[in-house]
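A look at the structure
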Amino acid sequence: MTLATVPRYDASGVGTVGDRAVVLGGSVAGLCAARVLRDVFESVVVLDRDPLPADPVARDGAPQTRHPHVLLEGGRSTLEDLFPGFSEALLEAGGLLVDASRQLHEFNSGDYIADVPERLPTYCASRPLLEAVLRRHTRALDGVVLREEHLFTGYETDARGRAVTGVTGRDSEGEPFELPADLVVDATGRTSRTPSWLAENGFQEPATDEVTIEVAYSTVRVERPPDDRRMFLVAPTPPRTRGGALIPAEDGQWEGILQGVHGDDPPTEPERLQRFADSLPADEFGTILETHEWRTEQADRYPYPASRRHRYEDLERFPDGLVVTGDALASFNPIYGQGMSVAALEALALHHALADGGLDELAPRFFDRAADIVDGVWRVVVGSDFAFGETSGPEPTGAGVTNWYMDRFVDRAHDDPFLSEVYARVTRLEAAPTALFRPKVLWRVFRPFGG
């Protein structure tokens, strides 16, 4: 499910189903969940172990916030539906509006992808700024409370242990608390304890797909001229295990991220990192890092060993009063920039699941809808990681054939603006992956060279 296939948000289609919902985690997934829950609960409480400041500050408990993030159009449009005025507020806070049809330069499989004929508006900002704007919109909602520095410690259940009825934790002073709830949403990310809690409390633990790609990132920030809004993306393609991205952000800066897979780790020391950047096939990448002043003395590093997906949709039994979303449900190789947008679409799926039946059997309905969203991204993103022979784990069905086809597709997209637009719409989560295989597309991919 993508922007083209999932029904849009419609607050008029839901009614109140409970008194209180609790969301565990104040990142993008948690804030989006809180927004749709406010339509159907009298109050919503968001708990996060970190401070949640008004200013755009990276969160210590979420080290990935120190690295560049891309807000794909499928996610941006959904956020705008959930939080009217979000896009304009992001620009007013310093974010940038970039036309990716002309200003994104993507080097993939030996050459640059052709420019897209139509405009592709893209909103660029650092992850801390994106989250700060979302927090401001969430705090403005009547009945929603963000409780920072509140540590979740466990779920409360009914007498039979079949339903989650609230949470326990410790507040900012270290004092224990209990918080009853009609629904709890786990948006705690990859460290989610729900799988182990299920196993410890008489439920089946979900099967987990884990695909090891051994990604490591190093991020720097460099000065950017005010009128230069170019974006660069260099995708790792076998046998080259290196890639990177340069993304314009607020405060006259580029966020530069260098990536290596399967042990080709980028360094953090400036001179060695510069040599790493110079080794990329797109010369502009290394040139920009060399000729523009760095704002960081040392690069921030982030390891990402494996994509992970918990198959909650396959469970025969799951406790009432609980759902799982965001990275706690599925997380992908971050180089593809899908995480925030998938989280927003999952919140939309939660909205529709609640509209279709309230709290009755909510978890199975939601997990089925969320699986439809994750499936398409998982097949494309995780499947492409299997282009590297060292990648291990359960390979998505047909990944080998799909990768062979995509190699030819991208090769043709170097010179074919029609194909480059189809490619862009799919990767931006505007169009479903099936768009890559429509008859008109297939003809252009397989037509004779020169034809």
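Residues numbered from 1 in each chain as written. Predicted model: local features only at pLDDT ≥ 70, side-chain atom pairs only at ≥ 80, totals over all residues. Heavy atoms only, no water.

Take the overall build of the protein chain next. What the protein chain contains, in helices and strands, is 13 helices and 18 strands. Over its C-alpha trace the protein chain gives a radius of gyration of 22 Å, about what one expects of a compact globule, namely 22 Å for 451 residues. Structurally, the protein chain occupies a C-alpha span of about 70 × 50 × 40 Å along its principal axes. Here the protein chain, with 451 residues, has 57% of them falling under the buried criterion. Carbon and sulfur atoms make up 48% of the accessible area of the protein chain, which totals about 18,500 Å². (Helix = DSSP H or I, 4+ residues; strand = E, 2+ residues; numbered from the N terminus. Rg over C-alpha atoms; globule rule 2.2 N^0.38 Å. Buried < 20%, exposed > 50% of the residue type's maximum accessible area, 1.4 Å probe, protein only. Areas by Shrake-Rupley, 256 points an atom, 1.4 Å probe, with all protein chains shown as cover.)

Quick look at the pattern of salt bridges now. Enumeration over the complete set of coordinates arrives at 22 salt bridges. Taking the shortest distance from any N to any O, the salt bridge between R221 and D300 comes out at 3.7 Å. A residue pair is termed long-range when its members are at least 10 positions apart, and R221 in strand β12 (residues 208–223) and D300 in strand β16 (residues 300–310) qualify at 79 residues. With relative accessibility at 14%, the residue R221 sits in the buried group. (Salt bridge = Lys/Arg side-chain N within 4 Å of Asp/Glu carboxyl O.)

Inspection of helix α12 (residues 417–427) places L419, S420, E421, V422, Y423, A424 and V426 among the buried residues, and these make up the whole buried set. Where α12 begins, one side-chain oxygen reaches toward the backbone nitrogen of F418, 2.9 Å away; that side chain belongs to D416. After α12 finishes, the residue L429 shows a positive phi value of roughly 60°. (Polar contact = N/O pair within 3.5 Å; in protein donor to acceptor, adjacent residues only side chain to side chain.)

Once that is clear, we can look at the packing of helix α2 (residues 73–82) against helix α9 (residues 339–357). Interhelical geometry of α2 versus α9 gives an angle of 45° and a closest axis separation of 8 Å. Taken together, the axes of α2 and α9 are oblique relative to one another. For the element pair α2 and α9, the recorded crossing hand is left-handed. Of the residues in α9, those touching α2 at G74, G75, T78, L79 and L82 are S341, A344, L345, A347 and L348. Of the residues assigned to the contact of α2 with α9, the class counts are 6 nonpolar, 4 polar and no charged. (Axes fitted to C-alpha atoms, helices over the stretch in contact; angles between N-to-C directions. Parallel < 35°, antiparallel > 145°, perpendicular 65-115°, else oblique. Left-handed = near helix turned anticlockwise from the far one by under 90°. Contact = heavy atoms within 4.5 Å. Nonpolar A, V, L, I, M, F, W, Y, C, P; charged D, E, K, R; others polar.)

We now examine the sheet that holds strand β2 (residues 41–47). One open sheet holds the 5 strands; their spatial order is β7-β2-β1-β11-β17, and the pairing between them is parallel. Unpaired on one side and paired on the other, β7 (144–147) and β17 (322–324) mark the two borders of the sheet. When the angles between neighbouring strand axes are averaged without regard to direction, this sheet yields 15°. For strand β11 (residues 183–186) and β17, the ladder comprises 3 bridges, and the chain directions are parallel. Residue pairing across strands places D186 opposite V324, the latter belonging to β17. (Pairing = 2+ DSSP bridges.)

Time to look at unusual backbone geometry. With omega at 5°, the peptide bond leading from P238 into P239 counts as cis. With respect to the element layout, P239 can be found in the loop between β13 (231–234) and β14 (242–249). Residues other than glycine seldom take positive phi values, yet S109 does so here, at roughly 60°. Here S109 is to be found in the loop between β4 (104–108) and β5 (111–112). Non-glycine residue H262 carries a positive phi angle of around 50°. Locating H262 in the fold gives a position in the loop between β15 (253–261) and α7 (270–278). Taking relative accessible area as the criterion, H262 reaches 21% and is therefore assigned partly exposed.

Core analysis: the largest hydrophobic core is formed by 88 residues, its most contacted members being L37 and L350. When residues no more than four places from it in sequence are discounted, the contact partners of L37 are A21, V23, V44, L183, V185, L350 and L354. Membership of the second largest hydrophobic core comes to 18 residues, among which are V222, F232, F276 and W294. (Core = buried A, V, L, I, M, F, W, Y, C linked by side-chain atoms within 4.5 Å.)

So, about a negative patch on the surface. The grouping of D111, D407, D411 and D415 at the surface amounts to a negative patch. In this fold, D111 is placed in strand β5. (Patch = residues over 30% accessible without salt bridge, like charges linked within 9 Å, V, L, I, M, F, W, Y side chains within 5 Å. Lys, Arg positive; Asp, Glu negative; His and termini not counted. Charge placed at Lys NZ, Arg CZ, Asp CG, Glu CD.)

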